[in-house]
Amino acid sequence: MIARSLIRRTLAVGVMLATTAAMVVTTQQPAAASTLTLNATVDCLNVNYSGDTRDWYASYVSVGSSPPSYGVTMPYSSMVANPVNHTWSFTISLPGGSTSVSVSAICSGGHQYDQVGWTNGPAISIPSSATTLTATWGCSTQQVYPGPYITGCSAQSYSYS
């Protein structure tokens, strides 16, 4: 008699635990995407078309996102040159949970004093539902008199999917 009562109680507890687990599993919110695909284009807007082709394409491109803090310098082997408009295009994966992304570049390769580029505008905000971001950054070079040339980049256009 005691054994049957113990078995019934054990079964009742087991059914209750299984029901609770099933409710927790079915009521959880969907997880954020584990990664975000970034399809990017970087354009040196004020290139030197009068003979110095080193200014046609950025000589340095870096992508940064947050949070978590993430940054990568793009190797030339990962970028595709577009000779029609002298832009670099590339695709990378950003860490899951990224809420913003920005690009910096150097478009002053034809000048004697090159400096690292910087972001010249707000980062692009990334909604949590996005899995792909397609964006174009425009970068302009200017001289800091009497010093070096610097390049600032800002987002020109972007879309999510």
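Predicted model only: the values in this text are computed from it and were never measured.

1. Here we look at the overall build of the protein
Tallying secondary structure elements over the protein gives 1 helix and 10 strands in all. Looking at the protein as a whole, 31% of its 161 residues are labelled buried. If you take every contact in the protein between residues at least 6 apart in sequence, the share linking residues at least 24 apart comes to 68%. Surface accessibility of the protein: about 9,700 Å² in total, with carbon and sulfur atoms responsible for 60%.

2. Thoughts on unusual backbone geometry
Located in the positive-phi region is H86, a residue other than glycine, with phi close to 55°. When you line up the elements, H86 lands in the loop between β4 (80-82) and β5 (87-95). We classify H86 as buried; its relative accessible area is 9%.

3. Digging into the environment of W118
Take W118: it is sitting in strand β7 (residues 118-119). A relative accessible area of 32% places W118 in the partly exposed class. Not counting residues within four places of it along the chain, the set of residues in contact with W118 comprises V103, S104, A105, Q142, I150, T151, G152 and C153.

4. Notes on the nonpolar core
Among the nonpolar cores identified, the biggest contains 27 residues, and L38, V61, V63, F90 and V101 are the most heavily contacted of them. Elements supplying a minimum of two residues to this core: β1 (35-44), β2 (60-66), β5, β6 (100-106) and β9 (132-143). Examining the composition of this core, we find that 5 residues originate from one element, β1, more than from any other. Beyond its immediate chain neighbours, meaning those up to four positions away, V101 contacts L38, V63, G64, S65, L94, A123, I124, I126, L133 and W137.

5. Quick notes on the state of the cysteines
Taken as a whole and judged by the stated rule, the model has 2 disulfides. Two residues share a disulfide in this structure: C44 and C107, whose sulfurs sit 1.9 Å from each other. Disulfide C44 to C107: torsion about the S-S bond roughly -80°, handedness left-handed. Here C44, found in strand β1, pairs with C107, found in the loop between β6 and β7; they are 63 residues apart in sequence, far enough to count as distant.

6. Some thoughts on the confidence of the model for the protein
Taken over all residues, the pLDDT of the protein has a mean of 77, while the share at 70 or more is 69%. Put simply, helix α1 (residues 2-27) is where the protein has its lowest mean pLDDT, 41, and strand β8 (residues 124-125) is where it has its highest, 96. The low-confidence segment residues 3-32, where pLDDT is below 50, has 0 contacts with residues more than four positions distant or belonging to other chains.

7. Some points on the pairing of β2
Where β2 lies against β6, 7 bridges are found, and the strand directions are antiparallel. By the bridge assignment, S62 is partnered in β6 with S104. Bridge analysis of β2 against strand β3 (residues 70-73) gives 4 bridges, and the strand direction is antiparallel. Among the inter-strand pairings, G64 is bridged to a residue of β3, identified as G71. Connecting the antiparallel pair β2 and β3 is a turn made up of 3 residues.

Cut-offs and rules
Residues numbered from 1 in each chain as written. Predicted model: local features only at pLDDT ≥ 70, side-chain atom pairs only at ≥ 80, totals over all residues. Heavy atoms only, no water. Helix = DSSP H or I, 4+ residues; strand = E, 2+ residues; numbered from the N terminus. Buried < 20%, exposed > 50% of the residue type's maximum accessible area, 1.4 Å probe, protein only. Contact = heavy atoms within 4.5 Å. Areas by Shrake-Rupley, 256 points an atom, 1.4 Å probe, with all protein chains shown as cover. Core = buried A, V, L, I, M, F, W, Y, C linked by side-chain atoms within 4.5 Å. Disulfide = S-S within 2.5 Å. pLDDT = per-residue confidence, 0-100. Pairing = 2+ DSSP bridges.

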